[in-house]
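Per-entry structural report
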Amino acid sequence: MKNGFIRVAALTPKIKVADPKYNKERICELIDAARGEEAQVMVFPELCITGYTCSDLFYQELLLREAKQALIDIASFSEKTDAIIFVGLPLEYNGKLYNVAAAICGGAILGLVPKTHIPTYNEFYELRHFTRGMEEPVPVRLDDDHIVPMGTRMLFSCRQMPRLRIGAEICEDLWAPNPPSIGLALAGATLIVNLSASDETTGKDIYRRDLVGGQSARLICGYVYASAGDGESTQDVVYSGHNLIAENGVVLAESRRFVNESIYSEIDVQRLTEERRRMSTFGASDAIYLTAEFNLKEKTTLLTRFVDPSPFVPGKKTDREKRCEEIFMIQAMGLKKRLEHTNCRAAVVGISGGLDSTLALLVTAKAFDLLGLDHSGIIAVTMPGFGTTDRTYENAVSLIRSLNAAFKEVPIAEAVRIHFRDIEQDENVHDVTYENGQARERTQILMDIANKLGGMVVGTGDMSELALGWATYNGDHMSMYGVNASVPKTLVRHLVRYYADTCENAELTRVLLDVLDTPVSPELLPPEDGKISQKTEDIVGPYELHDFFLYYVLRFGCTPKKIYRLAKYAFSGIYTDETIEKWLRTFYRRFFSQQFKRSCLPDGPKVGTVAVSPRGDLRMPSDACARIWMDELETLHEDEADKMDGSPDEQISDGMPGEASGQNNFAAEEFDREFDELFKGMF
């Protein structure tokens with residue numbers, strides 16, 4: 001629950017058709033099992049108390065009475081369970097039968113949500129038995145001790161985690177053109193549960209998976225889908241128990257079919273809320289929804305879901321060729337348009353033999369190909385200085401020649417020494433002036449060559465460097481078009497590796513592989529024994545950590561505590577907690593102090609969901625204070641639960657399930673009072 005996570009479960013019991021007593025026992029067994037897995041939201045299939053395939057037995061008074069009693073018994077059983085539980089059953093109200101999802105927590109029945117869309121086509125005959133659910137909640141008396149609201153406009157809200165607001169829909173509701181989940185999400189539901197009995201036909205599982213994943217993306221919500229399985233009648237159809245858990249378009253967990261498998265994962269409610277806040281087109285509903293509150297223990301949720309340590313890099317399941325070509329095309333098309341618009345006759349690129357300038361040259365070559373121009377119009381400039389090594393120099397030269405670009409070499413040592421003399425800088429003092437003087441000299445050379453040839457300077461700096469401010473102001477920070485401006489260092493490496501693996505030029509492949517094997521360095525300090533002495537990651541930290549931090553800061557606005565926890569989980573066994581904490585502090589300090597460099601960036605194409613352009617994704621003041629973020633970093637270890645991921649916090653709030661407060665129980669008087677206030681005497 002802490003850091004915005006809630007553990008959820010989709011559970012399929014093996015039931016017996018029309019045997020509520022037996023089914024109640026199986027449901028309670030799975031509740032116990034899910035309690036052992038620390039699930040705090042449990043979802044069972046549609047009509048699981050009786051079975052979905054009872055058909056005309058739904059008309060039997062005894063079956064309906066036993067189903068209602070089973071619901072009450074399950075609620076009583078759940079009194080000591082720290083979870084909100086959704087189970088399905090048939091329920092009669094005012095002479096009509098409804099297919100409902102019952103929400104239970106702490107021994108109380110919080111509410112009943114009826115099915116909206118009742119199918120009566122192909123193999124479905126539900127309209128023979130069930131009535132479409134009412135929108136406005138009505139009071140339903142289950143017995144003398146239980147009066148609960150029933151209606152589709154209901155939300156269930158956690159007192160300890162206000163962002164956890166749950167809405168329920170049932171099976172066919174999701175397939176309809178206007179699912180209830182749309183209104184529920186617009187009314188604030190961050191988690192949708194679906195109690196389903198979807199029969200299996202060839203290929204239907206693919207459609208079902210896409211439907212659940214797509215709905216969670218469209219509504220920016222978590223979605224837990226629990227379906228009926230083995231145990232239902234197979235008179236005409238078969239049920240596979242295909243359970244799914246999705247979050248914002250990503251399927252986090254999926255059961256095997258035909259085995260009645262329970263699945264678990266964690267929904268990041270905080271992340272969903274932050275995403276909705278960012279999306280200006282995600283509106284709010286004017287409709288009134290009744291909210292039933294419930295209590296859960298506040299504890300650190302055990303993380304089992306995959307947290308990608310390289311969120312900017314296409315995953316293993318992604319079509320690598322398609323994704324990398326797409327990124328190259330975005331970069332190249334941006335440069336192509338700029339070259340066309342300015343009628344440039346040349347593109348000038350500074351080549352160091354490092355990753356960034358290598359990618360920039362590859363992109364420039366692609367842009368020239370798209371324009372039908374000869375690569376001789378690409379002026380690739382090497383500018384060896386005090387820190388240049390033979391390895392990087394030779395790689396730069398080989399790269400230029402492999403791409404048939406125009407080679408130009410301008411050594412900078414003599415010019416820099418004259419500049420040092422003019423400003424009274426001691427060449428033996430290797431301070432920031434010593435380093436930046438070289439970077440600015442290189443930029444001046446590139447700009448003047450571009451002016452002379454009627455061309456433009458193509459920038460090579462990447463987004464990771466811009467985020468950290470690891471660039472010389474008015475030096476490598478500046479260009480006329482920055483093709484790598486929204487490409488983080490981890491993705492730069494991935495793209496160069498892809499190009500090396502797929503190009504047909506053996507010499508180019510050799511050079512690219514050696515570039516990939518070369519330590520990242522600006523090469524502004526003299527080499528030691530002919531080798532690079534200045535390694536960027538020794539100074540500012542590992543780029544894979546900084547890219548991880550950057551993603552969660554800009555994409556989701558996560559707090560330092562949450563990012564620290566996620567990083568510990570994602571990089572477990574790779575970096576120590578102390579290392580992660582050290583570089584997280586460095587990230588925040590540099591990110592806030594260096595915004596002035598990002599505020600005047602040259603143009604460059606956006607390739608992913610995160611960018612730092614002052615005209616696009618990051619409208620951040622240059623003088624923003626980092627104090628509250630740095631203050632939170634000082635409290636990383638105050639909560640001992642954060643030291644052991646998944647260890648529960650035993651502190652229990654007042655009114656927890658099982659206590660005598662009765663806060664979860666809808667007594668008749670409380671129900672009437674709440675309805676009177678909400679609907680102004682409607683009932």
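Placed above this text is the structure.
Below is a summary of the structure that appears in this document.

So, how was this worked out
Residues numbered from 1 in each chain as written. Predicted model: local features only at pLDDT ≥ 70, side-chain atom pairs only at ≥ 80, totals over all residues. Heavy atoms only, no water. Helix = DSSP H or I, 4+ residues; strand = E, 2+ residues; numbered from the N terminus. Expected span 1.5 Å × (residues − 1). Polar contact = N/O pair within 3.5 Å; in protein donor to acceptor, adjacent residues only side chain to side chain. Salt bridge = Lys/Arg side-chain N within 4 Å of Asp/Glu carboxyl O. Pairing = 2+ DSSP bridges. Contact = heavy atoms within 4.5 Å. Axes fitted to C-alpha atoms, helices over the stretch in contact; angles between N-to-C directions. Core = buried A, V, L, I, M, F, W, Y, C linked by side-chain atoms within 4.5 Å. Buried < 20%, exposed > 50% of the residue type's maximum accessible area, 1.4 Å probe, protein only. Phe/Tyr/Trp six-rings, centres within 6.5 Å; stacked < 30°, edge-to-face > 60°. Parallel < 35°, antiparallel > 145°, perpendicular 65-115°, else oblique. Left-handed = near helix turned anticlockwise from the far one by under 90°. Nonpolar A, V, L, I, M, F, W, Y, C, P; charged D, E, K, R; others polar.

Compared with an ideal rise of 1.5 Å per residue, which puts 22 residues at 32 Å, helix H11 (residues 432-453) spans 32 Å between its outermost C-alpha atoms and is within 8% of the ideal. For H11, the N-terminal cap is Asp431; the gap from its side-chain oxygen to the backbone nitrogen of Thr433 is 3.3 Å. At the exit of H11 stands Gly454, carrying a positive phi of roughly 70 degrees.

For the rest of this paragraph, the subject is the pattern of salt bridges. Taken as a whole and judged by the stated rule, the model has 43 salt bridges. With its nearest N and O atoms 2.8 Å apart, the salt bridge here joins Glu507 to Arg510. Highlighted residues: Glu507 and Arg510, both in helix H14 (residues 506-516), separated by three residues, approximately one helical turn. One connected set of salt bridges, linked through shared partners, spans Glu200, Asp205, Arg208, Arg209, Glu254 and Arg257.

Strand order in the open sheet formed by five strands is S18-S17-S16-S19-S20, and the pairing between neighbours is parallel. In the strand order of this sheet, the two ends are held by strand S18 (406-409) and strand S20 (481-482), each with one partner. Against the sheet, helix H7 (residues 320-342) touches strand S16 (346-350), strand S19 (455-459) and S20, its axis set at about 160 degrees to S19.

Further remarks concern the nonpolar core. Counting residues in hydrophobic clusters, the biggest one holds 88 residues, and the most contacted among them are Phe548, Phe549, Tyr552 and Phe591. If we ignore the near neighbours within four places in the chain, the residues touching Tyr552 are Arg271, Val307, Gly557, Cys558, Ile563 and Leu566. Counting 55 residues, the second-largest nonpolar core is a separate cluster that includes Cys221, Tyr223, Val224 and Ala292.

Turning our eyes to something else, we now look at the packing of aromatic side chains. Applying the stated rule across the entire model yields 23 aromatic pairs. Where Phe312 meets Tyr551, the ring centres are 5.4 Å apart and the plane angle is 90 degrees; that geometry is what we call edge-to-face. In this pair, Phe312 sits in the loop between strand S15 (290-294) and H7 while Tyr551 sits in helix H16 (residues 543-556), placing the two residues 239 residues apart along the sequence. Like Phe312, the residue Tyr551 is buried in the burial classification.

Bringing the pairing of strand S14 (residues 263-268) into the picture now. With six of six residues buried, S14 lies mostly within the body of the structure. Neither face of S14 is exposed, since Ile263, Ser265 and Ile267 on one face and Tyr264, Glu266 and Asp268 on the opposite face are all buried. Relative to S14, strand S1 (residues 5-10) runs antiparallel, the two being bridged by six bridges. Bridge pairing in S14 places Val8 opposite Ser265.

As a further point, take the sheet that holds strand S11 (residues 222-227). Ordered in space as S13-S12-S11-S10-S9-S8-S15, the seven strands form an open sheet in which the pairing is mixed. Edge positions in the sheet fall to strand S13 (250-254) and S15, since each of these pairs with one other strand and no more. Sheet twist, expressed as the average angle between the axes of neighbouring strands with direction ignored, equals 25 degrees. Note that strand S8 (residues 154-158) and S15 share five bridges and pair parallel. Bridge pairing in S15 links Leu155 to Thr291. Taken strand by strand, helix H5 (residues 204-218) contacts S11, strand S12 (244-247) and S13, and its axis lies near 30 degrees from that of S12.

Let us look at the packing of H16 against helix H17 (residues 560-570). For any two helices packed against each other, the geometry comes down to the angle between their axes and how far apart the axes lie. One can describe the packing of H16 onto H17 by two numbers: an axis separation of 10 Å at closest approach and a directional angle of 140 degrees. Judged by the angle between their axes, H16 and H17 are oblique. Between H16 and H17 lies a crossing of right-handed hand. From H16, Phe548, Phe549, Tyr552 and Val553 reach across to H17, where they touch Ile563, Leu566, Ala567 and Ala570. In terms of residue class, the contact of H16 with H17 is made up of eight nonpolar, no polar and no charged.

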